[in-house]
Amino acid sequence: MNQPSKAQLARRPAGPIGAAPSSKSRSRLLPVFLLLLFTVMTVPLGFDYRAVGTGMPSEGDTFSLTTWLVLLFGSAYLVIRNWRQVRELIAVVNRPFRYFVVLASLSLLWSIEPSITLKRLVRLYIIVLVCMAFATVGWQTRRFENSLRRVLFLLLAASAIFCYSEPELAIHHVEGHAELMNAWHGTTTGKNVLGSLASCACILWLHAFLTRETGRATTVANLTLAGLCLVMCRSSTSLMATVFAAFFLILLVRPPGFMQRRMPYMVGLFATVVLVYALAVLNILPGLSVILIPITMFSGKDLTFSGRTNIWYVLKLHIRGHPLLGSGYEAYWIGPVPSSPSYEMVKWLFFYPTEGHNGYLDVINDLGYVGGICLLAYFIVYLRQGLELMRLEKARGSLYLALIFRAFLADMSESHWFSVTSIDFVIFTLATFSMARELSSRGQGVAGRPREIAHK
C-alpha cells in the first residue's frame, strides 16, 4: 500500500476532519446540543403558552436551568478535549467578535444592573462554547446548513402542528392590537421569533434548491412549510428581509454572465445601501427619510415604523448619559421595574416594549459607541471572510453572505445583534465560527490570506 508523502500530508486540512472514531462519537452530541439550545432560546418558560405576551420572565424554570447546565458542561468538555483545534479556530475567527466578548465582559465593571449583566454573560459564554464545539469536533462539509435545516424543520413543523391542534395557545389573540390578532407564534415566545426562524429557513432551503444539495421534493416541502409560517406569523419585518435576502442569494449563486466578475462590488453596494437605510431609519442624517417611502409601502408600516421611532427617541436620551461605553451589557431591558432607567418607556409611551426594536441602537445603548464600532468592524470582517470563502467555493460563501444581509434589514426594526435573548444571535454565532472553520480547512487566514496549517 502506498504511503502518503509529506507534501500530501501538509495539504490535508487541519482539525478533526477524518478524526478518530472517539472524536466522531463525541460529535454525535452536537445535534442534540444544537436542538436543546434552539429550544430553550425560543419556547416560553415552563412551556406556559398562556403567559405568552404577558411580560418578561424574571426567573428561570427547571427545564431551562437544567438545559443551560447541560449545554455548559457538555460543550466545555468537548472544547477542552479538542483544545488544539479550538485554539486554531479562535485564531481565524472574526476578530471583532472576540473584542465584543471582551468588551461585554468588562462592562460588568460599569453596568447599571451588574447581576443581570452577569447572568447574560454566562449565557453568552455558553452559546460561544456550543458554537466552538460545533465548528471543531468532527467537522464535516456543509455541517452548518445541514444542521440548521434539520433543527429549523423540527421547530417549524412543531409550530405548524401546534397552531392547528391548539390555536388558542399557539396563535395570538390580543384585542386592540391589529398586528398581533390571529398571528401565529407556534411553539415560540412570539410572532417575531417564529418569523426569524421561518425567514432563516427560507434562505437555507432556497440555497439548497439553487445548489441542488437536497432532493427537489424535500426542498419544495420545506420551503412550503417555512413560507407558511413566515406568512402566518405576520411579521412584516421578517417577510421584507426574506424577500430581499432571497433576491440577493439568487444573484450570488446564479448571477448573469456580465456580473460574475463583479460580485465583490455588488456585495459592497448592497452593504452601502443597507447602511444608508439604517441611517435614514434612525433619522441620524436629515433629509434621508424620503428614501424610506418604498420600504414603508412594501412592509405596510408608516414612517414611525409602527411607533418604533418613539422607542428610539427615549433610547437615544438614555444613550446620551453613557455615550462611550454604554450602561452595561443587557442591563437596560430588565422589565418594567421602577428602579430601572428603561421604566421611562412606561412613563413616556404607556407600555413596555422589552427591546429597542433596533439592533444597532441596542448595541450602542449597552456598550456605547465603542460597541458600535466593534459591531461595524464585525460586519466588515464578516463580509471579507464571506467574499474570500465565495472565491474559494461560490455556493458556500453565498449562503453566509445572504444570511447576514437578511439580518442587516431585520435589525432595522428588531433587536438581534449581540443579544443573548435572540435566536438570531445563536444563528450568527454559529455562522461566524463555521465560516472561520471553512476558511481554516482551506488554509486561509482571518483576512483570507494563506496560513500554515498544523498537521501531525
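Our subject in this report is the structure included herewith. (Residues numbered from 1 in each chain as written. Predicted model: local features only at pLDDT ≥ 70, side-chain atom pairs only at ≥ 80, totals over all residues. Heavy atoms only, no water.)

**Quick notes on the packing of helix α12 (residues 236-253) against helix α18 (residues 394-410)**
Selection criterion: All axes here are fitted lines through C-alpha atoms, helices being fitted over the stretch that makes contact, and every angle between N-to-C directions spans 0 to 180 degrees. Each helix is a run of H or I in the DSSP string that is no shorter than four residues. Each strand is a run of E no shorter than two, and both are numbered from the N terminus. Here roughly perpendicular refers to angles of 65 to 115 degrees, roughly parallel to angles under 35, roughly antiparallel to angles over 145, and oblique to all remaining angles. Crossing chirality is assigned from the near helix's rotation relative to the far helix, an anticlockwise turn below a right angle marking it left-handed and a clockwise turn marking it right-handed. By the convention used here, residues are in contact when the closest approach between their heavy atoms is within 4.5 Å. Polar here means any residue outside two lists: the nonpolar Ala, Val, Leu, Ile, Met, Phe, Trp, Tyr, Cys and Pro, and the charged Asp, Glu, Lys and Arg; Gly therefore counts as polar.
Their axes nearest at 8 Å, the elements α12 and α18 cross at an angle of 155°. Considering their axes alone, α12 and α18 lie roughly antiparallel with respect to each other. Read as a crossing pair, α12 and α18 show a hand that is right-handed. Across from Thr-237, Met-240, Ala-241, Thr-242, Phe-244, Ala-245, Phe-248, Leu-249, Leu-252 and Val-253 in α12, the residues of α18 making contact are Lys-394, Ser-398, Leu-399, Leu-401, Ala-402, Phe-405, Arg-406, Leu-409 and Ala-410. Here the residues of the contact of α12 with α18 sort into 14 nonpolar, three polar and two charged.

**Overview of unusual backbone geometry**
Backbone geometry places Glu-330, a non-glycine residue, at a positive phi of 55°. Turning to its location among the elements, Glu-330 is positioned in the loop between α15 (308-319) and α16 (344-349). In this model, His-357 sits at a positive phi of 55°, which is unusual for a non-glycine residue. Mapped onto the fold, His-357 is located in the loop between α16 and α17 (359-392).

**Digging into the pattern of salt bridges**
Here is the rule: The salt bridge definition used is simple: a Lys or Arg side-chain nitrogen within 4 Å of an Asp or Glu carboxyl oxygen. The buried label goes to any residue with under 20% of its type's maximum accessible area, the exposed label to any with over 50%, and the partly exposed label to all in between, with areas taken from a 1.4 Å probe on protein chains only.
Under the counting rule described, the total for this entry stands at eight salt bridges. Glu-213 is the salt-bridge partner of Arg-149, the closest N and O atoms lying 3.3 Å from each other. A residue pair is termed long-range when its members are at least 10 positions apart, and Arg-149 in helix α8 (residues 143-165) and Glu-213 in the loop between α10 (191-211) and α11 (216-232) qualify at 64 residues. Looking at Arg-149, the relative accessible area reads 2%, which means it is buried.

**Some words on the environment of Ser-440**
Mapping Ser-440 onto the fold places it in helix α19 (residues 423-441). Taking the C-alpha atoms as reference points, Ser-440 and Val-93, separated by 347 residues in sequence, lie 9.0 Å from one another.

**What about the side chain of Arg-143?**
What counts is decided by this rule: In protein, a polar contact requires one atom able to donate a hydrogen and another able to accept it; more generally it is a pair of N or O atoms within 3.5 Å, and residues adjacent in sequence count only if both atoms are side-chain atoms.
Looking at the secondary structure, you find Arg-143 in helix α8. At 2.8 Å, the side chain of Arg-143 and the backbone oxygen of Val-137 are in polar contact. When residues no more than four places from it in sequence are discounted, the contact partners of Arg-143 are Ser-27, Leu-30, Ala-133, Phe-134, Val-137 and Gly-138.

**Brief notes about the nonpolar core**
Cut-off, in case you're wondering: To qualify as a nonpolar core, a set must consist of buried Ala, Val, Leu, Ile, Met, Phe, Trp, Tyr and Cys residues joined through side-chain atoms within 4.5 Å.
Grouped together as the largest cluster of nonpolar side chains are 117 residues, with contacts concentrated most on Phe-38, Phe-100 and Leu-124. Looking at this core element by element, the count peaks at twelve residues for α10. Setting aside its immediate chain neighbours within four residues, Phe-38 contacts Leu-148, Val-151, Leu-152, Leu-155, Leu-197, Ile-423, Val-426, Ile-427 and Leu-430. In terms of nonpolar packing, the next biggest core, distinct from the first, is built from twelve residues, Ile-319, Trp-333, Met-345 and Tyr-352 among them.

**So, the side chain of Gln-385**
Within the secondary structure, Gln-385 sits in helix α17. Within the structure, the side chain of Gln-385 is placed 3.1 Å from the backbone oxygen of Val-92, a separation counted as a polar contact.

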